[in-house]
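# A structural walkthrough
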Amino acid sequence: MTDISRAYVELAHAIEQHNPGYIDGYYGPDEWAVREQRPLAELARDADDLARAVAALEGEERRAFLAAQVRAMQTSIALLQGEAIPYSEEVRRLYDIEPERVPEERFDEAIALLDHLLPGQGEIAPREQAFRAQFDVPLDRLPPVLDAIVEELARRARALWPLPEGESFEVQVVKDEPWGAYNWYLGNYRSRIDINTDLPNNVTALPDLVAHEAYPGHHTEHAIKEHLLLREQGRGEHSILLINAPECVASEGIATRALQMVMSEDEVRQWLADDLVARAGLSGVDVETMLAVNQAKQEMRAVTGNAALLLHEEGVSEEEVVAYLQHYRLAKPEEARKSVQFITHPNFRSYIFTYTVGANLLDQLFAQRDRQETFGRLLREPLTPGTLRAWIAE
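Residues numbered from 1 in each chain as written. Predicted model: local features only at pLDDT ≥ 70, side-chain atom pairs only at ≥ 80, totals over all residues. Heavy atoms only, no water.

## Re the overall build of the protein
Check the secondary structure of the protein and you find 19 helices and 5 strands. A globule of 394 residues ought to have a C-alpha radius of gyration of about 21 Å, and the protein, at 21 Å, matches this closely. Each principal axis of the C-alpha atoms in the protein carries an extent, and together these give about 65 × 50 × 45 Å. Relative to its 394 residues, the protein shows a buried fraction of 55%. For the protein, restricting intrachain contacts to residue pairs at least 6 apart in sequence, the fraction spanning at least 24 positions comes to 71%. (Helix = DSSP H or I, 4+ residues; strand = E, 2+ residues; numbered from the N terminus. Rg over C-alpha atoms; globule rule 2.2 N^0.38 Å. Buried < 20%, exposed > 50% of the residue type's maximum accessible area, 1.4 Å probe, protein only. Contact = heavy atoms within 4.5 Å.)

## Details of the packing of helix 14 (residues 303-312) against helix 15 (residues 318-328)
With their axes 10 Å apart at the nearest point, helix 14 and helix 15 run at an angle of 160° to one another. By the angle between their axes, helix 14 is roughly antiparallel relative to helix 15. Of the two elements, helix 14 crosses helix 15, and the hand of that crossing is right-handed. In contact with V303, T304, N306, A307, L310 and L311 of helix 14, helix 15 contributes E318, V321, Y324, L325 and Y328. By residue class, the composition of the contact of helix 14 with helix 15 is 8 nonpolar, 2 polar and 1 charged. (Axes fitted to C-alpha atoms, helices over the stretch in contact; angles between N-to-C directions. Parallel < 35°, antiparallel > 145°, perpendicular 65-115°, else oblique. Left-handed = near helix turned anticlockwise from the far one by under 90°. Nonpolar A, V, L, I, M, F, W, Y, C, P; charged D, E, K, R; others polar.)

## Notes on the side chain of K225
You can see K225 is positioned in helix 9 (residues 218-232). With relative accessibility at 12%, the residue K225 sits in the buried group. Each residue touching K225, except ones within four places of it in the same chain, is listed here: L230, L378, L379, R380, E381 and P382.

## What to know about the pairing of strand 4 (residues 190-196)
Working note: regular strand, side chains alternate between the two faces of the sheet. Here strand 4 lies mainly inside the structure; 5 of its 7 residues are buried. Bridge count for strand 2 (residues 168-174) against strand 4 is 7 bridges, and the pairing is parallel. The residue of strand 4 that forms the bridge with V174 is N196. Summarising the sheet, strand 3 (residues 181-187) and strand 4 pair through 6 bridges and their orientation is antiparallel. The residue of strand 4 that forms the bridge with G187 is R190. The antiparallel hairpin formed by strand 3 and strand 4 contains 2 residues in its connecting segment, where N188 sits at a positive phi of about 55°. (Pairing = 2+ DSSP bridges.)

## As for helix 5 (residues 104-117)
When the terminal C-alpha atoms of helix 5 are compared, their 20 Å separation across 14 residues agrees well with the 20 Å that a helix rising 1.5 Å per residue should span. Every buried residue of helix 5 is accounted for by E104, F107, A110, I111 and L114. Taken end-on, helix 5 shows its buried residues confined to a sector of 115°, consistent with a single buried face. Opposite the buried face of helix 5, by more than 90 degrees, sit the exposed residues E105, E109 and H116. Where helix 5 is buried, its residues contact helix 6 (124-133), helix 13 (287-297), helix 14 and helix 15. (Expected span 1.5 Å × (residues − 1). Arc of directions from axis to C-beta.)

## Examining the pattern of salt bridges
It is possible for side chains bearing opposite charge to pair when their charged atoms get close. The tally for this structure, following the rule as stated, stands at 33 salt bridges. Between E90 and R349 there is a salt bridge; the shortest N-O distance is 2.8 Å. Here E90 is found in helix 4 (residues 87-95), whereas its partner R349 is found in the loop between helix 16 (333-344) and helix 17 (353-368), with 259 residues between them in sequence. Judged by relative accessible area, R349 falls into the partly exposed class, the value being 24%. We note a salt bridge from R106 to E299, for which the minimum N-O separation is 3.3 Å. Of this pair, R106 sits in helix 5 while E299 sits in the loop between helix 13 and helix 14, and the two are 193 residues apart along the sequence. Residue classification places E299 among the partly exposed residues on the basis of a relative accessible area of 36%. (Salt bridge = Lys/Arg side-chain N within 4 Å of Asp/Glu carboxyl O.)

## Structural notes on the packing of helix 1 (residues 2-18) against helix 2 (residues 40-55)
Two numbers describe how helix 1 lies on helix 2: the axes approach to 10 Å, and their chain directions differ by 155°. The orientation of helix 1 with respect to helix 2, classified from their angle, is roughly antiparallel. Helix 2 is crossed by helix 1, and the crossing has left-handed handedness. On helix 2, the residues that touch I4, A7, Y8, L11, A14, I15 and H18 of helix 1 are L40, L43, D46, A47, L50, A53 and V54.

## Some words on the packing of aromatic side chains
Enumeration over the complete set of coordinates arrives at 15 aromatic pairs. Measuring from centroid to centroid gives 4.2 Å for Y182 and W184, while their planes differ by 25°, and the two rings are stacked. What makes Y182 buried here is its relative accessible area of 9%. For W184, a relative accessible area of 25% puts it in the partly exposed group. Grouped by ring-pair contacts, the aromatic residues Y95, W179, Y182, W184, F342, F348, Y351 and Y355 constitute a single cluster. The lysine or arginine in question, R231, covers the ring of Y189, its NZ or CZ lying 4.3 Å from the ring centre. The side chain of R371 reaches across the aromatic face of F366, ending 5.3 Å from its centre. (Phe/Tyr/Trp six-rings, centres within 6.5 Å; stacked < 30°, edge-to-face > 60°. Lys NZ or Arg CZ within 6 Å of the ring centre and 35° of its normal.)

Here is the structure:
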């Protein structure tokens, strides 16, 4: 087991030398973190050898997880070697999921609903942007609002799941990044959560953001898995997190559905109206309508995935994709360009589908099984999209 874990970690570090940012987090032995750059042909042979060793492992859960991860590593190496892999096939081979193109009619229906919900008359996008701007948190008010949200969500998550003693994280405000927020898991049950202030932070979105990145999302999952899988079971492959691998699908599914696991919609609504809006220094805002607008815009989450397919598979120009995002997601020009920055980043260009597919897989599971029990298993076990699909098929 140790030999395979070490080979897996060393191969990941070798890929990192050719593709900086490939490793999302590492907290294993220093001697496994090889930093010399080796020829890609050697890495391809090592990956093939590792795949054969994994296929011979006993223990179905560990074998399935590592097999899916190693297939993704082989794909990353092939891409680095210049292999021309069609975009949809790249998504399949890296994440073990199908990149779904959502019909624009669904977005049109959401836009029609927003036209009904939003005050005023005229074009939808300016009305939605003006209404949303009322809920933007001033930068100097952001820390106390975040502190209050973290405290409450941490209390609820710790009451439901056995987070390891001593777990913690710090929040840092950053700029000039392709994402809105990011959890950097540091190991030893610690995370750093970066919040990007390039774009405004809407107070009604902050509970979901903190749940996604911290409790009971990424930080919670990584801390529990470090404790159970790495420290208690000695499975060294769980000392590393990869950005272009199937494990991201389950992780983003967990994070995307995290808030609803600890709070009902009514509780969130009451919390915003009675506490968080005031902490943000806002007054006279219509929380009910803003939450209804947010719900309607959930249908637009797939717009960016469509945009990625247009850009990478259909050859549509970046400017046309910006216009597409402005039309179907009602994004401001700077918001649309930030999305294009994300879907053109080497490590994130195909990542966009992990959010929607991960959430959809969890929704199907929750429709069939006890939600809390299923979510607990997701926090504890190393699960691939293939495993989740098999659960659903059962």
